[in-house]
Amino acid sequence: MRDVSVLRDGRRVLDRIAWRVRTGDAWVVVGGNGAGKTQLLRLLAGQIWADSGLVEYRVGDECLPVPFEALRHISYLGPERQDRYERQGWDFSVSAVVATGIYGTDIPLDRPTAADRARVQRQLRALGLAALSRRRFLSLSFGQRRLVLLARALVAEPGLLLLDELLAGLDAGHRRRVLRWMGSPAARRVGWVLSTHRPEEVPALPARHLALRSGRRVRFPRRVAPTTNASLRSAAPAASSARPFGETLLALRRASVYLDYRPVLRQVSMRIDAGQCWVVHGANGCGKTTLLRAVYGDWPFSAGSSVRRIGVERGVPISAFRERCALLAPHQHAEYPRATSVLDAVVSGLRASYGLDGPVTVAEQRRARQALRLAGMQRYGARALATLSYGQVRRVFLARALVNQPQLLLLDEPFAGLDRAARSALRRALARFLGGGGALLLTTHHRDEWPAGATHELHLDRGKVVYCGTARGEVQQER
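Residues numbered from 1 in each chain as written. Predicted model: local features only at pLDDT ≥ 70, side-chain atom pairs only at ≥ 80, totals over all residues. Heavy atoms only, no water.

So, on to the pairing of strand S3 (residues 26–30). With five of its five residues buried, S3 lies for the most part within the structure. The side-chain alternation of S3 yields two buried faces, one formed by Ala26, Val28 and Val30 and the other by Trp27 and Val29. Pairing analysis gives four bridges linking S3 to strand S9 (residues 192–195), with the strands arranged parallel. When the bridges of S9 are listed, valine 28 appears paired with leucine 194. (Buried < 20%, exposed > 50% of the residue type's maximum accessible area, 1.4 Å probe, protein only. Helix = DSSP H or I, 4+ residues; strand = E, 2+ residues; numbered from the N terminus. Pairing = 2+ DSSP bridges.)

Right, dumping it as structure tokens:
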């Protein structure tokens, strides 16, 4: 790249970038939300075009100013590819999704040969995903889908691998496995570019670093030491059980959930009172997201489950509970219309809808702007969701969840995709919410993301409860 700039919605999202990437290189790209990391990787992948400057691709001795031929040698994995499966309803088997990487198609078009099927299975085994081979893609957890798409990228045997926030949403075991692969001789033969917000996600191996700020290449900051178990213990939550809790908002007794004829949650019992903060943790696929979406009413609990939601009695619709409860989850990124303005997206939280069914009132605008201020996104009200980075959209949906002033807030991996400043702002917002008497049910893979006021924890393993009770001070290792 020579003096490359990219405009989006009239704004310069990449500004005069000069950069060279070779097969075998290891690059880590860092920068805050909206710095231009995703746009840079999408430019490399040929998904967007430069508005000025020169981008050249070299294959052997041949220089290609148009990337079509070169892109056969590049594999890109970013959040928008994962979202596309949800948006389009592409619910193919895991093995079929991975096989599309061989043919460079979005969906299966041809029946794979025996050799290609064997190639897919080898790649799934290499990433510890062989047991998921026959599962439907949309039945997987967020982290499991990310790993399947990594297998899809690798099975193409690229010369360059572009990984946008690859490790967001992965449990500790899978993060270690992926980081080991990135330091292996096989990975160095391929070459990769990884974008990340978290220092502990930077592979412990020689790599070159590119730092961006407002679309410009800047001096790489001094690296922060990765988080250790000792620092996690110091950040462990102090239970606030001395504070009296309020009325019961949710009570589950022997609650189970089946999806695609498969048990995902089994016999979960818990009670959430006003003022409590529950943290749900466990390995990818243990049922965390399923629990939150079932509580919200997106998916049904099975027969025999006892479920009591505040405001919902016999004959009362689930909408009565949603007036008191709000959900923030990754699937909202995929399903929400991308042309919607930020302000309208937040207003829709007042109506518990996707999109608006009527004009926005002055009172709704005022409440939406207040919520955007809480999320630090007040300057973006007129922007379309499509013009924002993944982390910025996550903060918009946080404002959407807060706008109705819910009693119970369901947050599925709320810190994923956020830079350090945004994570700190979110922690402060959650502390204010808890201080006001609200209740939280939050999932995370990182101990340092536990709110300071965490009172209870639920540890799940393969849909079953390992521990349910007051928050413990010691660090629990996930499988």
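Back to the write-up after that little detour.
Moving on: the pairing of strand S12 (residues 248–259). Regular strands have side chains that alternate between both faces of the sheet. Pairing between S12 and strand S13 (residues 262–273): eight bridges, direction antiparallel. Within S13, the position partnered with leucine 259 by the bridge is arginine 262. What sits between the antiparallel neighbours S12 and S13 is a turn of two residues, in which aspartate 260 has the positive phi angle 55°. Of the strand pairs in this sheet, S12 and strand S15 (residues 306–309) are connected by four bridges, and their pairing is antiparallel.

The next thing to look at is the sheet that holds S3. In space, the six strands of this open sheet follow the order S7-S8-S9-S3-S10-S11, with mixed pairing throughout. Taken across any chain shown, the strands that pair with only one partner, and hence form the sheet edges, are strand S7 (74–77) and strand S11 (216–218). Averaged over neighbouring strand pairs, the angle between their axes works out to 20° when direction is ignored. Both S7 and strand S8 (residues 160–164) contribute to a ladder of four bridges, which runs parallel. Along S8, the bridge assignment pairs isoleucine 74 with leucine 160. Its contacts with the sheet put helix H1 (residues 37–44) on S3, S7, S8, S9 and strand S10 (208–213), and the angle it makes with S8 is roughly 155°. (Axes fitted to C-alpha atoms, helices over the stretch in contact; angles between N-to-C directions. Contact = heavy atoms within 4.5 Å.)

All right, on to the pattern of salt bridges then. Scanning the entire structure with this criterion turns up 16 salt bridges. As a salt-bridge pair, arginine 12 and aspartate 15 come within 3.8 Å of each other at their nearest N and O atoms. Under the relative-accessibility criterion, aspartate 15 is labelled buried at 10%. Where arginine 216 meets aspartate 15, a salt bridge forms, and the shortest distance between an N and an O atom there is 2.6 Å. With arginine 216 in strand S11 and aspartate 15 in strand S2 (residues 11–17), this pair connects stretches of sequence that are 201 residues apart. Residues participating in the shared-partner salt-bridge network are Arg12, Asp15, Arg16 and Arg216. (Salt bridge = Lys/Arg side-chain N within 4 Å of Asp/Glu carboxyl O.)

So, on to the packing of aromatic side chains. The tally for this structure, following the rule as stated, stands at five aromatic pairs. Look at tyrosine 85 and phenylalanine 137: their rings are 4.7 Å apart centre to centre, the planes differ by 45°, and that puts the pair in the tilted class. Here tyrosine 85, found in helix H2 (residues 79–88), pairs with phenylalanine 137, found in the loop between helix H4 (114–126) and helix H5 (142–155); they are 52 residues apart in sequence, far enough to count as distant. There is no split in this pair, since tyrosine 85 and phenylalanine 137 are both buried. (Phe/Tyr/Trp six-rings, centres within 6.5 Å; stacked < 30°, edge-to-face > 60°.)

Among the residues of H2, Pro79, Arg81, Gln82, Asp83, Tyr85 and Glu86 are the ones counted as buried. Looking at the buried residues of H2, the elements they touch are S7, helix H3 (94–103), H5, S8, helix H11 (331–335) and helix H14 (390–402). One or two positions beyond H2, positive phi appears at glycine 89, with a value near 70°.

On the surface, a cluster of positive charge is made up of Arg20, Arg22, Arg208 and Arg217. Assignment of secondary structure puts arginine 22 in the loop between S2 and S3. Classification of arginine 22 as partly exposed rests on a relative accessible area of 43%. (Patch = residues over 30% accessible without salt bridge, like charges linked within 9 Å, V, L, I, M, F, W, Y side chains within 5 Å. Areas by Shrake-Rupley, 256 points an atom, 1.4 Å probe, with all protein chains shown as cover. Lys, Arg positive; Asp, Glu negative; His and termini not counted. Charge placed at Lys NZ, Arg CZ, Asp CG, Glu CD.)

With that settled, consider the sheet that holds strand S16 (residues 325–328). Strand order in the open sheet formed by six strands is S16-S17-S18-S14-S19-S20, with mixed pairing between adjacent strands. With one partner strand each, in any of the chains shown, S16 and strand S20 (464–470) form the two edges of the open sheet. Averaged over all pairs of adjacent strands, the angle between their axes in this sheet comes to 10°, without regard to strand direction. In the sheet, strand S19 (residues 456–461) pairs with S20 via six bridges, with the strands oriented antiparallel. Directly across from histidine 459, in S20, lies its bridge partner tyrosine 467. Of the strands in this sheet, strand S14 (277–281), S16, strand S17 (408–412), strand S18 (439–443) and S19 touch helix H9 (residues 288–296), which is tilted by about 150° from S17. Together, S14, S17 and S18 form the strand contacts of helix H15 (residues 420–435), whose direction differs from that of S18 by roughly 145°.

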